[in-house]
Amino acid sequence: FALDSDPMVRSYAILALGKMNLPEHADMLVERLSVERDYWPRIQLAGAVQNMRLHKAIDSLIEWLGEDDQNIRAASLRALRAITGQNVGSDKASWEDWRAKSK
């Protein structure tokens, strides 16, 4: 269902996968971060990787900080702060700098 053609079906499937917090879904959710373009599935993806504390999602979430949509940026920032335990600012450049130093 997370690959359904209907964005709302995808968003509800992603929400459910994030709440189930099963490790076998982690790679699929991280992969979806780089290919998903619809609003609600992206919001749910940020929440799912946040809930699951998926460190593999950090780079994609940092990329999302460069998005035009303020809500996508906010969801990404919430997820980054929860996953990393860091609060290095709200802009992409600050997080890129942190990421380069943390590797």
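Just above, that's the structure.
A few points on the structure.

### Some details on the overall build of the chain
Stage number 1. When you go through the chain residue by residue, the secondary structure sums to six helices and zero strands.
Stage number 2. Written out in order from the N terminus, the α and β elements of the chain read α-α-α-α-α-α.
Stage number 3. The C-alpha atoms of the chain give 13 Å as radius of gyration, which agrees with the globular expectation for 103 residues (13 Å, within 12%).
Stage number 4. Considered along the principal axes of its C-alpha atoms, the chain spans approximately 35 × 30 × 15 Å.
Stage number 5. The buried share of the chain, taken over its 103 residues, is 40%.
Stage number 6. Here the chain holds 14 positive side-chain charges and 15 negative ones, and the gap between their average locations is 5 Å.

### Side note on unusual backbone geometry
Stage number 1. One non-glycine residue, asparagine 21, adopts positive backbone phi at about 55°.
Stage number 2. Counting through the fold element by element, asparagine 21 comes out in the loop between helix H1 (7-20) and helix H2 (26-35).
Stage number 3. Residue asparagine 21 is classed as partly exposed on the basis of its relative accessible area, which comes to 37%.
Stage number 4. One non-glycine residue, arginine 53, lies in positive phi territory at about 55°.
Stage number 5. Positionally, arginine 53 belongs in the loop between helix H3 (39-52) and helix H4 (58-64).

### Observations regarding the pattern of salt bridges
Stage number 1. Scanning all chains against the criterion turns up 10 salt bridges.
Stage number 2. Residue glutamate 36 pairs with arginine 32 through a salt bridge whose shortest N-O separation is 2.9 Å.
Stage number 3. What makes glutamate 36 buried here is its relative accessible area of 2%.

### Examining the side chain of arginine 99
Stage number 1. With respect to the helices, strands and loops of the structure, arginine 99 is situated in helix H6 (residues 92-102).
Stage number 2. Overall, the relative accessible area of 18% leaves arginine 99 in the buried class.
Stage number 3. Residues within four places of arginine 99 in sequence aside, it is in contact with His55, Ile58, Asp59 and Ile62.

### Re H2
Stage number 1. By the burial criterion, the buried members of H2 are Ala26, Leu29, Val30, Arg32 and Leu33. Mapping the buried residues of H2 onto a view down its axis gives an arc of 155°, with all of them on the same face.
Stage number 2. Those residues of H2 that are buried are in contact with H1, H3 and H4.

### A word on the packing of aromatic side chains
To describe a pair of aromatic rings, you give the distance between the ring centres and the angle between the ring planes.
Stage number 1. In this structure the tally under the stated criterion is two aromatic pairs.
Stage number 2. Aromatic pair tyrosine 39 and tryptophan 40: ring centres 4.9 Å apart, planes at 85°, arrangement edge-to-face.
Stage number 3. For tyrosine 39, a relative accessible area of 29% translates into the label partly exposed.
Stage number 4. On the basis of relative accessible area, tryptophan 40 is assigned to the partly exposed category, the value being 43%.
Stage number 5. Summarising the aromatic geometry, the rings of tryptophan 95 and tryptophan 98 are spaced 5.4 Å apart at their centres and angled 70° between planes, so their arrangement reads as edge-to-face.

### Regarding a nonpolar patch on the surface
Stage number 1. A contiguous nonpolar patch, built from Met8, Tyr12, Leu15 and Trp40 and spanning about 410 Å² of accessible area, is present on the exposed surface.
Stage number 2. Top contributing element to the nonpolar patch by residue count: H1, with three residues.
Stage number 3. By the element assignment, methionine 8 lies in helix H1.

Cut-off values and rules
Residues numbered from 1 in each chain as written. Predicted model: local features only at pLDDT ≥ 70, side-chain atom pairs only at ≥ 80, totals over all residues. Heavy atoms only, no water. Helix = DSSP H or I, 4+ residues; strand = E, 2+ residues; numbered from the N terminus. Rg over C-alpha atoms; globule rule 2.2 N^0.38 Å. Buried < 20%, exposed > 50% of the residue type's maximum accessible area, 1.4 Å probe, protein only. Lys, Arg positive; Asp, Glu negative; His and termini not counted. Charge placed at Lys NZ, Arg CZ, Asp CG, Glu CD. Salt bridge = Lys/Arg side-chain N within 4 Å of Asp/Glu carboxyl O. Contact = heavy atoms within 4.5 Å. Arc of directions from axis to C-beta. Phe/Tyr/Trp six-rings, centres within 6.5 Å; stacked < 30°, edge-to-face > 60°. Patch = residues over 30% accessible without salt bridge, like charges linked within 9 Å, V, L, I, M, F, W, Y side chains within 5 Å. Areas by Shrake-Rupley, 256 points an atom, 1.4 Å probe, with all protein chains shown as cover.

By themselves, these are just geometric observations and shouldn't be taken as functional.
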